[in-house]
Every structure is written in C-alpha cells, then in structure tokens.
Amino acid sequence: MKVLYFAWLRDKVGFGEESVTPPTDVGDVAGLVDWLRGRGGGHAEALADMAMVRVAVNQEYVTLDQPVAADDEVAFFPPVTGG
Amino acid sequence: MIRVQADDFDAGAELEHLAAGNRRVGGVCAFVGLVRDMAGERSVSAMTLEHYPGMTEKALQAIVEEARARWPLEDCVVIHRYGRLAPGDRIVLVATASAHRQAAFEACQFLIDWLKTKAPFWKKEDTAAGARWVEARATDDRAAARWETR
C-alpha cells in the first residue's frame, strides 16, 4: 500500500511517501490510521487529530470508514488552501 | 481546459483564446488570484504552493464538469500554479465563456469557490516570523457551501 503525506503532515512524518504492509486486520482508513499511529514518532503526531486531516484513497476524498486494500494509494493531508 | 503548472500564464491571451472563433459567446468572466504581501499582521515575503499531482487534475476536472452541468458554458479554463511565488504573482486563473453574463459570472464564482475547498493545493507563507502553512478558512467553506445542491 502506498501512503502519501502532504503539507504539515509531511513535515511531521518526515517524508512524503512510503510503502507499507499493514496486518491483514487493517480493513479501513480508521484501522490504517490506528496502525500508523502505533508506529510512533512523527506518524503519531501527524495523525493525532483526524479532525484536522483529510483522506483520499486512490485520489478521491473518503471518510474514515472507507475500505483499504494492498494496492490502494492512501493520502493524508490538511484541509486544502489553494486558489 | 485545465492546467497545473509552475510557469506564469498570460491572462489576456487565455481570455482571448476562450472565445476565439466561437460567435455564440456573449460574455467572458474571469477571476485571477494573486499572492498578497500581508497575511493578517504578518508581512509575507514569498509563498510556496504544493499540490497532489494526479488528484489535483482529477479534482479540477470534476469541478469543471459540475460547472458545465449546472450552467450553459461555451468554454471554461482553470490554470493553477505551484512552486515558489512572490507577492504580486498570479496564482490562479478561472474564466468562463457563455452566451449571457449571468451564467458566466455564476459559474466563475462557483469554480473558484469549489476549487478553494476541494482541489488539493496547500500554501506555505514565508514571513518575518518564519514559514507557516496557511490554515483553511471557515469563510471559504461557507462560500463553497452556498453552491451545494439542496
């Protein structure tokens, strides 16, 4: 699974992209977030408050109950500020 | 047409292109977003725009398709820059062409309102107090929300 971080989430995590293999009981975004937080350090800090974080799976906005699978691209980022 | 690019754009040339050869166009409406030199009390020396390549284009395409479904547009253009910009630099161009002004005005406003809350861009400002990520504004959310269909 490819995981991307943008803006201040990338700053906190320390990098913008990683390839991860979560355990098989991680079935949705919420489970993935819990598992990533459990790795500690920057991940725990970046994903501490999901009210501040938006999530996209395969480049579409999703909610925390969205299922995720091994070949998905999951992105975490702050509310957008373009324009 | 949608473009996401580091380079500047020529707004005049883009507007000309929008209506060129199409005599059904009765009006063109444009919004150009610029980098301000102030963020609240802080002076801004530069701004860096980051985006999510791939999703950005998809999100902009979806917003344009929504605008075309809601208003009778002859054409529209969205150009958004990324990278490091200075105060006064152009950030974004949204322009619409339609037979009549109301559709052009409304669709233009809709496009920029939805772009600001849905397209995955993030601004980082360089100020005298250091660099800081710009926070999303509730006023932008409200501006976008008034276009939600009920």
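Further up the page is the structure itself.
Residues numbered from 1 in each chain as written. Chains lettered and ligands numbered in written order. Predicted model: local features only at pLDDT ≥ 70, side-chain atom pairs only at ≥ 80, totals over all residues. Heavy atoms only, no water.

A. Examining the sheet that holds strand β1 (residues 2-5) of chain A more closely. All names here are of chain A. In space, the five strands of this open sheet follow the order β2-β1-β5-β3-β4, with mixed pairing throughout. Among the strands making up the open sheet, the edge pair consists of β2 (17-19) and β4 (60-62). Neighbour-to-neighbour, the strand axes of this sheet turn through a mean angle of 25°, independent of strand direction. Two elements, strand β3 (residues 54-57) and β4, share three bridges in a ladder whose sense is antiparallel. When the bridges of β4 are listed, Ala56 appears paired with Tyr61. Against the sheet, helix α2 (residues 29-37) engages β1, β2, β3, β4 and β5 (73-77), with an angle of about 70° to β5. (Pairing = 2+ DSSP bridges. Helix = DSSP H or I, 4+ residues; strand = E, 2+ residues; numbered from the N terminus. Axes fitted to C-alpha atoms, helices over the stretch in contact; angles between N-to-C directions. Contact = heavy atoms within 4.5 Å.)

B. Examining the layout of surface pockets more closely. In this structure, the largest pocket spans a volume of roughly 540 Å³. For the lining of the largest pocket, the per-class residue count stands at 11 nonpolar, five polar and nine charged. Its boundaries defined by the atoms lining it, the second largest pocket holds a volume of some 280 Å³. Every residue lining the second largest pocket is counted, 17 residues in all, and those nearest its centre are Arg54(A), Pro79(A), Val80(A), Thr117(B) and Asp141(B). Looking at the lining of the second largest pocket, the elements that each hand over two or more residues are β3 and β4 of chain A together with α3 (101-118) and α4 (138-145) of chain B. Here the lining of the second largest pocket gets five residues from one element, more than from any other, and that element is α4(B). Each residue belonging to the lining of the second largest pocket can be placed in one class, and the counts come to nine nonpolar, one polar and seven charged. (1 Å grid on protein atoms, 1.4 Å probe; cavity = no way out; pocket = protein on both sides within 12 Å on 5 of 7 lines; lining within 4 Å. Points joined across faces, edges and corners; volume = space filled by probe spheres on them. Nonpolar A, V, L, I, M, F, W, Y, C, P; charged D, E, K, R; others polar.)

C. The interface of chain B and chain A, seen in detail. Taken residue by residue, the interface counts 25 residues in chain B and 20 residues in chain A. Counting each side, the surface lost to burial between chain B and chain A is near 1800 Å², with a carbon and sulfur contribution of 58%. Per-residue buried area on chain B facing chain A is highest for Tyr52(B), Met55(B) and Trp122(B); these three make up 36% of the total on that side. The tally of links between chain B and chain A comes to two salt bridges. The shortest N-O distance in the salt bridge between Glu50(B) and Arg10(A) comes to 2.6 Å. Taken together, the links from chain B to chain A amount to 13 residue pairs in polar contact (both at pLDDT 80 or more). For the side of chain B that touches chain A, the elements supplying multiple residues, two or more each, are β4 (42-51), α2 (55-70), β7 (90-98), α3 and β8 (121-127) of chain B. (Buried area = accessible area lost by both parts, 1.4 Å probe. Salt bridge = Lys/Arg side-chain N within 4 Å of Asp/Glu carboxyl O. Polar contact = N/O pair within 3.5 Å; in protein donor to acceptor, adjacent residues only side chain to side chain.)

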